[in-house]
Amino acid sequence: MRDQSRDSQIERAIARAFSGGRYSRRVFLRRAGKGAVVAGSALTLQSILAACGIGPGASGSASPSGAALVGGGEPAGTLVFANWPLYIDVDDETGESPTLQQFTEASGIEVDYQEAIQDNQEFFGTIQPALSAGQDTAWDMIVPTDWMVGKMIGLGYLEAFDVAASVPNFVANASDKYKNPSYDADNRHSVPWQSGITGIAYNPELTGREITGFADLLDPAFEGQIGMFSEVRDSLSLALLHNGVQPKDATEDDVRAAADILRDQAPLVRGYYGNEYAQALADGSLAVTMAWSGDVFQLQFDNPDLQFVVPEAGGILWIDNMTIPKLAQHPNDALAFMDFVYQPEIAAQITEWVNYICPVPAAQEIIRTHAQEAVDADDQETADYLTSVAESELVFPSEEMLGNLHSYKVLSEEEEALWNELFQEITQG
Amino acid sequence: MAGWLRRHGGLIPYLFLVPGGLWLLVFFVLPMLTMASVALQEGTLGTGYRFTFNLGVFPEVIGRYDDQFLRSLLYALVVTGLTMAIGYPMAYTIAFRGGRYKNVLLLLVILPFFTSFIIRTISWKFILADQGFLLGTLKDIGILDDGFRLLATPIAVISGITYNYLPFVVLPLYVALEKIDYKLVEAATDLYASRAQAFLRVTLPLSMSGVFAGSLLAFIPAAGDYINAELLGGTRETTMIGNVVQTLYLTNNDYPQASAISLILMVGLIGGVLAYQRILRGQELTV
């Protein structure tokens, strides 16, 4: 997307705001999703019907360890791929994705690409009935967030593969930060698609000072202008880090202590937001708020004053991963695609459009080259845009920033129930 | 065929009920039974759910979420009162004073429905934002204090619900008022009723069917609303029971509790409607 103009930026922003697009990448049923209440409840009903009496892994699904590996075979020529909205490059003119087209040209594999994931839990609800019954989900590749990957591995819902043999480009080109993650040892079931940071954004005009850490979210001076996330993992993890606890090491006592902080903070909080926090930050209702890096990078095009910081005590690096659900029909095609997008040139092409953190460090230099090419072609606007992508810490975080980012804890079912219960009591009474 | 129809003609009205009946059976009765069954199950997503006839879930959720239940009922009552206060004069004016503009005015009433519910509510966020069009202007000219805000307060939530359900109240009121033969009102005034007496003793009683239908069409969805509470509220102080159900279903995967709350809400509303109907007994119900 080298001809990306400012106008198409704005169009994309509007499309996002009203179609439940990028902002709604992470949280269920917000914005447009709300319009789809009927669809949502139908999905829920489906999962309930399936939930009646059928336990997970009742049949068919193998245990996580000792499972047979997929891969090594010939691609079948088809890939059915479920991803989040606005999460792949799209050519403004044709509406097609150059990456998908190039993949089809190179491999002969046709991709049925669907923006089917609005939220981890909700999407899980749509495939859980099939998985628990030991049936194919109809998807060959899905993109859950790291903690959901951990949960699905635990339930035996993901195919395992030999990443070194099947996705060599990942081994060659991915940043070390993405290898052997805590939620999936040795990347046996997943390789990252894109990732982002949960941190703090603020409007300097309203705060009147620099914001540096989670303590600023607890400052009574900002009463009524503080935004928090309604996502339990994000909010509790930042509070845990504030207490000096790594989320992955959190014990029950740690979580209760973190919840105490959030409970005390509640009277100061304006609201517990999903994607709508971005609008509240943009329109001046919030002075300081928890935030996702990709959103703030976008908002800065309209208001360059807005700032994003990783809290001093640490932020969260969340990772959305390409995975193959159990019994997928075309696992070899999925692996071929994973390998394809880990070529730096392709990774750069996707990052230029989606603006999230690219797992391939070499892509930065390629985007710089593209910017220089735009300068040579006398297209200053595109050059400026590409430079801002290549040089942004929100797209290519510095080592220092990455060193201060931590992962979500993969929760057991009991822990998840406890976290949910503690947090719901804070946000909903 | 003709002979069969002659012999069994009495069945035709029932045949007409079949499509709607089947629809309700598949999309209302069956889900209801499923919901009732789920409410009585215990378990988790990971270990599966098992039917244990756990009636204890009902007192449990009532005790745990009593604040949210009461808040929803309170909001719904206030919304019903507001929609009536705004909608009745509106419907009255259109029905009796609309003249040849009646159709245009009615179109204006339903015009918002041409836009999605969600977009309308999001627009309210823009309008009510702290530095937005409305509050920003009032703050600039010094009418409001700088710290004043509406979003994330009960006022914003109630206003949003009122706005969204106002047309549902105006339309049945209009239908009821429009049917009234204005000669009856004239007759009352001829018989020395004042205008106020004529309204209270002729127009209002004749429009009660509209009041009944309109107030139910506002109250029932308002009690179950969660979108306004989330988009315009979003705090502990504005959480309605619908938000709790949403969280329990989609985030916590606690299907039994969510189903139990839904059942309680529904049974409560049906009970309320029956009582309300009894109070307005004898009124013909037309929508």
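Small disclaimer: the values here were computed from a predicted structure and weren't measured.

Colleague: Please set out the overall build of chain B residue by residue, giving values where relevant.
Modeller: Each helix and strand counted, chain B has 14 helices and two strands in total. Expressed along its principal axes, the backbone C-alpha trace of chain B runs to roughly 80 × 75 × 35 Å. Going through the 287 residues of chain B one by one, you find that 46% of them count as buried. About 15300 Å² of surface is accessible on chain B, with carbon and sulfur atoms providing 70% of the total. Averaging the locations of the 19 positively and 17 negatively charged side chains of chain B gives two centres separated by 12 Å.

Colleague: Describe the overall build of chain A, naming the residues involved and giving the relevant values.
Modeller: Helix and strand counts for chain A come out as 19 helices and 12 strands. When the 429 residues of chain A are sorted by exposure, 61% land in the buried category. A separation threshold of at least 6 residues defines the contact pool for chain A, and within that pool the share at least 24 residues apart is 79%. Entry remark: accessible area of chain A is about 14900 Å², with carbon and sulfur atoms responsible for 50%.

Colleague: Mind laying out unusual backbone geometry, listing which residues take part and the relevant values?
Modeller: The backbone phi angle of Asp186(A) is positive, close to 60°, even though this residue is not glycine. You can see Asp186(A) is positioned in the loop between α8 (168-173) and β6 (190-202). Located in the positive-phi region is Ala152(B), a residue other than glycine, with phi close to 70°. The class of Ala152(B) is buried, set by a relative accessible area of 15%.

Colleague: Lay out the pattern of salt bridges with the relevant residues and their values.
Modeller: Across all of its chains, the model carries 16 salt bridges over all chains by this definition. Across the salt bridge formed by Glu425(A) and Arg263(A), the nearest N and O atoms sit 3.1 Å from each other. Taken together, the residues span a long stretch of sequence, with Glu425(A) in helix α19 (residues 413-428) and Arg263(A) in helix α11 (residues 252-265) at a distance of 162 residues. The partly exposed category is assigned to Arg263(A), whose relative accessible area is 27%. Its salt-bridge partner being Lys409(A), residue Glu415(A) comes within 2.8 Å of it at the nearest N-O pair. A network of salt bridges, in which partner residues are shared, links Asp260(A), Arg263(A), Glu425(A) and Arg236(B).

Colleague: Before we move on, can you summarise the confidence of the model for chain B with the specific residues and values?
Modeller: Confidence in the prediction of chain B, expressed as mean pLDDT, is 90, and 97% of residues score 70 or more. Across chain B, the element-wise mean pLDDT spans from 74 in helix α1 (residues 2-8) of chain B up to 96 in helix α4 (residues 66-97) of chain B.

Colleague: Quick one: what's the story with helix α6 (residues 146-154) of chain A, residue by residue and with numbers?
Modeller: All names here are of chain A. Counting buried positions along α6 gives eight out of nine residues, so the element sits mostly inside the fold. Three or more residues of α6 are buried, namely Asp146, Trp147, Met148, Val149, Gly150, Lys151, Met152 and Ile153. Taken from the residues just after α6, Gly156 is the one with a positive phi, measuring 75°.

Colleague: I'd like a description of the packing of aromatic side chains, backed by residues and values.
Modeller: In this description, a pair of aromatic rings is defined by centroid distance and the angle of the planes. With the rule as written, the count across this model stands at 30 aromatic pairs over all chains. Pairing Phe170(A) with Tyr342(A) gives two aromatic rings, centres 5.1 Å apart and planes at 90°, and the pair type is edge-to-face. With Phe170(A) in helix α8 and Tyr342(A) in the loop between α14 (331-341) and α15 (344-354), this residue pair connects regions lying 172 residues apart in the sequence. Accessibility expressed as a relative area gives 2% for Phe170(A), which makes it buried. Put simply, the rings of Phe81(A), Tyr87(A), Phe103(A), Tyr113(A), Trp193(A), Trp318(A), Phe337(A), Phe340(A) and Tyr356(A) touch in pairs and so form one group of aromatic residues. Of note, Arg120(B) hangs over the ring of Phe113(B), and the distance from its end group to the ring centre comes to 5.2 Å.

Colleague: Would you mind going over the packing of helix α6 (residues 117-128) of chain B against helix α7 (residues 133-140) of chain B in detail, with residue names and values included?
Modeller: Residues and elements named next belong to chain B. Where α6 meets α7, the axes come as close as 4 Å, and the angle between the chain directions of the two elements is 10°. Considering the angle they form, α6 stands roughly parallel to α7. On the side of α6, the interface is formed by Phe126, Ile127 and Leu128, while α7 contributes Phe133, Leu134 and Leu135. For the contact of α6 with α7, the per-class residue count stands at six nonpolar, no polar and no charged.

Colleague: Can you tell me about the side chain of Asp89(A), naming the residues and giving the values?
Modeller: All names here are of chain A. With respect to the helices, strands and loops of the structure, Asp89 is situated in the loop between β2 (78-82) and α4 (98-107). Accessibility expressed as a relative area gives 1% for Asp89, which makes it buried. Side-chain polar atoms of Asp89 contact the side chain of Gln349, separated by 3.2 Å. If we skip the residues at most four places from it in the chain, Asp89 touches Glu96, Ser97, Pro98, Thr99, Gln349, Ile350, Trp353 and Val354.

Colleague: Can you lay out the pairing of β2(A) for me, pointing to particular residues and giving the numbers?
Modeller: All names here are of chain A. Most of β2 is tucked away, with four of its five residues classed as buried. In the sheet, β2 pairs with strand β3 (residues 110-114) via five bridges, with the strands oriented parallel. Paired with Ala82 across the strands is Gln114, a residue of β3. One crossover worth recording links β2 to the parallel β3 by way of α4, and it is right-handed.

Colleague: Residue-level account of the packing of helix α5 (residues 120-132) of chain A against α6(A), with values.
Modeller: Residue and element names in this part refer to chain A. Between α5 and α6, whose axes approach to 12 Å, the crossing angle comes to 20°. If you check the angle between α5 and α6, you find them roughly parallel. As α5 packs across α6, the resulting crossing turns out to be right-handed. Contacts between α5 and α6 involve Asn120, Gln121, Phe124, Ile127 and Leu131 on the former and, on the latter, Trp147, Met148, Lys151 and Met152. Its residues assigned to classes, the contact of α5 with α6 comprises six nonpolar, two polar and one charged.

Colleague: I'd like to hear about the environment of Arg120(B), residue by residue, with values.
Modeller: Residue and element names in this part refer to chain B. Following the sequence through the fold, Arg120 ends up in helix α6. Under the relative-accessibility criterion, Arg120 is labelled buried at 8%. Residues Arg120 and Tyr49 lie 71 residues apart in sequence; the distance between their C-alpha atoms is 39 Å. Leaving out residues up to four positions away in the same chain, Arg120 has contacts with Pro112, Phe113, Thr115, Tyr163 and Asn164.

Colleague: A description of the environment of Pro89(B) should follow, citing residues and the corresponding values.
Modeller: Residue and element names in this part refer to chain B. Relative to the assigned elements, Pro89 resides in helix α4. Taking the relative accessible area as the measure of exposure, Pro89 reaches 43% and is therefore partly exposed. Distance from Pro89 to Arg7, taken between C-alpha atoms, is 52 Å for residues 82 residues apart in sequence.

Rules of the game
- Residues numbered from 1 in each chain as written.
- Chains lettered and ligands numbered in written order.
- Predicted model: local features only at pLDDT ≥ 70, side-chain atom pairs only at ≥ 80, totals over all residues.
- Heavy atoms only, no water.
- Helix = DSSP H or I, 4+ residues; strand = E, 2+ residues; numbered from the N terminus.
- Buried < 20%, exposed > 50% of the residue type's maximum accessible area, 1.4 Å probe, protein only.
- Areas by Shrake-Rupley, 256 points an atom, 1.4 Å probe, with all protein chains shown as cover.
- Lys, Arg positive; Asp, Glu negative; His and termini not counted.
- Charge placed at Lys NZ, Arg CZ, Asp CG, Glu CD.
- Contact = heavy atoms within 4.5 Å.
- Salt bridge = Lys/Arg side-chain N within 4 Å of Asp/Glu carboxyl O.
- pLDDT = per-residue confidence, 0-100.
- Phe/Tyr/Trp six-rings, centres within 6.5 Å; stacked < 30°, edge-to-face > 60°.
- Lys NZ or Arg CZ within 6 Å of the ring centre and 35° of its normal.
- Axes fitted to C-alpha atoms, helices over the stretch in contact; angles between N-to-C directions.
- Parallel < 35°, antiparallel > 145°, perpendicular 65-115°, else oblique.
- Nonpolar A, V, L, I, M, F, W, Y, C, P; charged D, E, K, R; others polar.
- Polar contact = N/O pair within 3.5 Å; in protein donor to acceptor, adjacent residues only side chain to side chain.
- Pairing = 2+ DSSP bridges.
- Right-handed = clockwise from strand over helix to strand, strands pointing away.
- Left-handed = near helix turned anticlockwise from the far one by under 90°.

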